[in-house]
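Coordinates in review
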Amino acid sequence: MGCNTNLVAPVTVGKGAFVAAGSTIIDEVNTFWDKKEIYQQFKISHKRGILLCGAPGCGKGTQSELLEKKFGLSHISTGEIIRSHIKSQTELGKQMQEYISRGELAPDSVVIGMVEDYLEQNKGIKGTIFDGFPRTTAQAEAFDKMLKKMGDDVDVMIYMDVPEEELVKRILLRGKDSGRADDASEDVIRNRIEIYNQQTAVVADYYRAQGKYVAVPSLGTIEEVFERIAAEIKHL
């Protein structure tokens, strides 16, 4: 019986790696690798949208800095954005200042506008850690619409879960150095935590319904907590 010279003889695995005459397998393998490369490019280009939440004293500022370095993300807080707009006297900043001077809460549209402006100016970033935002269901809905318009989305809301007694202890300890009056009164601290929990619970329900809410146990060393949060982000 003669030898069939059209049989496939694979040499190595990789794009363009199958060298054999008269076989459609070559095309199929190369097509597979083309698709794989496209998929990898999509994964790399996808911007992560991470909401990092937690009551005062949970340590999200420290964790945000570590996550920035680990994943090349940008960390923003609405407080910093608002102060920047007011200082620069932008149109949105002037609007915000007017509400503040009257002792009124600014409408969500102003805050959303500031966040959108930030993202427009930082399109090249790999993703963003949003600190303390959104805080209401209305903000979350408007935020989602704004992100979708930009071709982005919220990937996950990570809640840093720390028992209240530990939070109180941390803030009281911090108050010895900060000199802030609201860091020195236990009653004030507990009230701040209660208000935060009430606000966050609503937003947590909103993202839980989308399958995007994760509570991360956040007692332990900085490194231990970081590894737990990083593990959730690696899954995205």
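Attention here is on the structure that accompanies the text. Keep in mind that what you see is a predicted model, and the values were worked out from it rather than measured. (Residues numbered from 1 in each chain as written. Predicted model: local features only at pLDDT ≥ 70, side-chain atom pairs only at ≥ 80, totals over all residues. Heavy atoms only, no water.)

Let's shift gears to the pattern of salt bridges. Per the counting criterion, the structure on display carries 16 salt bridges. With a shortest N-O distance of 3.0 Å, Glu166 and Arg170 are connected by a salt bridge. In this pair, Glu166 and Arg170 both sit in helix H7 (residues 164–178), 4 residues apart, roughly one turn of the helix. Of the residues examined, Glu166 reaches a relative accessible area of 19% and is grouped as buried. (Salt bridge = Lys/Arg side-chain N within 4 Å of Asp/Glu carboxyl O. Helix = DSSP H or I, 4+ residues; strand = E, 2+ residues; numbered from the N terminus. Buried < 20%, exposed > 50% of the residue type's maximum accessible area, 1.4 Å probe, protein only.)

Bringing the sheet that holds strand S3 (residues 127–131) into the picture now. To summarise the sheet geometry, strands pair through backbone hydrogen bonds and adopt either a parallel or an antiparallel arrangement. Strand order in the open sheet made by the 5 strands is S2-S3-S1-S4-S5, with parallel pairing throughout. Of all the strands in the sheet, the pair left with one neighbour each is strand S2 (74–77) and strand S5 (213–217). Across the sheet, the axes of successive neighbouring strands diverge by a mean angle of 25°, strand direction being ignored. Note: strand S4 (residues 156–161) against S5, 5 bridges, orientation parallel. Across the sheet, Met160 pairs through a bridge with Val216, a residue of S5. (Pairing = 2+ DSSP bridges. Axes fitted to C-alpha atoms, helices over the stretch in contact; angles between N-to-C directions.)

Right, let's talk about the packing of helix H6 (residues 137–149) against helix H8 (residues 186–208) for a bit. Packing of H6 against H8 brings their axes to within 8 Å, and their N-to-C directions diverge by 40°. The angle between H6 and H8 places the two elements in the oblique class. Contacts from Thr137, Ala140, Glu141, Phe143 and Asp144 of H6 reach H8 at Val202, Val203, Tyr206 and Tyr207. For the contact of H6 with H8, the residue count by class is 6 nonpolar, 1 polar and 2 charged. (Parallel < 35°, antiparallel > 145°, perpendicular 65-115°, else oblique. Contact = heavy atoms within 4.5 Å. Nonpolar A, V, L, I, M, F, W, Y, C, P; charged D, E, K, R; others polar.)

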